[in-house]
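Observations on the three-dimensional arrangement
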Amino acid sequence: MNRTRHNSAAEAVRAVMVARDMRRIVGDVDSVTTTPVFIDGDHGPRTVVHVHLADVLRLPLAVDADTHRAAFAVLRRAYPRAQWSSDEYRYDVRTGRLLRITLDAPADVQ
């Protein structure tokens, strides 16, 4: 059995399921960008993930916080191994691709 085909089929199914779930949450979504933000709050330092939903023109969608949380929950379920609290990602709903967009800092940056 060709393992590459198996992975491609699984990825295609996942892409269809994520697109379906995203469109149920907000119909105009074309991409989802997640950005980890390090904060020092009242309860000490922690990381929160900001979720940005955009349309086909990459313009932000005006939706409430619950919608952002629901979109992030879909991605976390679909990609449980992603490093959400340390890396920035962009998910393209049309292609079903999750791209890590965090740039590594040069070693000499302090």
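In this report, we go over the structure that sits alongside the text. Worth saying up front: this structure is predicted, and the values here are computed from it rather than measured.

1. Digging into the sheet that holds strand E1 (residues 31–41)
For sheets, the rule is that strands pair by backbone hydrogen bonds, running either parallel or antiparallel. If you trace the four strands from one edge of the open sheet to the other, you get E2-E1-E3-E4, paired in antiparallel fashion. The open sheet is flanked by strand E2 (44–54) and strand E4 (97–100), the only strands paired with a single partner. Neighbour to neighbour, the strand axes of the sheet diverge by 20 degrees on average, direction disregarded. Where E1 lies against strand E3 (residues 89–92), four bridges are found, and the strand directions are antiparallel. Following the sheet pairing, Thr33 is matched in E3 by Arg90. The sheet strands contacting helix H2 (residues 65–78) are E1, E2 and E3, and the helix crosses E2 at an angle near 95 degrees.

2. Regarding the environment of Thr95
Inspection of the secondary structure puts Thr95 in the loop between E3 and E4. We classify Thr95 as partly exposed; its relative accessible area is 48%. Within the structure, the side chain of Thr95 is placed 3.4 Å from the backbone nitrogen of Arg97, a separation counted as a polar contact.

Cut-offs used in this document
- Residues numbered from 1 in each chain as written.
- Predicted model: local features only at pLDDT ≥ 70, side-chain atom pairs only at ≥ 80, totals over all residues.
- Heavy atoms only, no water.
- Pairing = 2+ DSSP bridges.
- Helix = DSSP H or I, 4+ residues; strand = E, 2+ residues; numbered from the N terminus.
- Axes fitted to C-alpha atoms, helices over the stretch in contact; angles between N-to-C directions.
- Contact = heavy atoms within 4.5 Å.
- Buried < 20%, exposed > 50% of the residue type's maximum accessible area, 1.4 Å probe, protein only.
- Polar contact = N/O pair within 3.5 Å; in protein donor to acceptor, adjacent residues only side chain to side chain.

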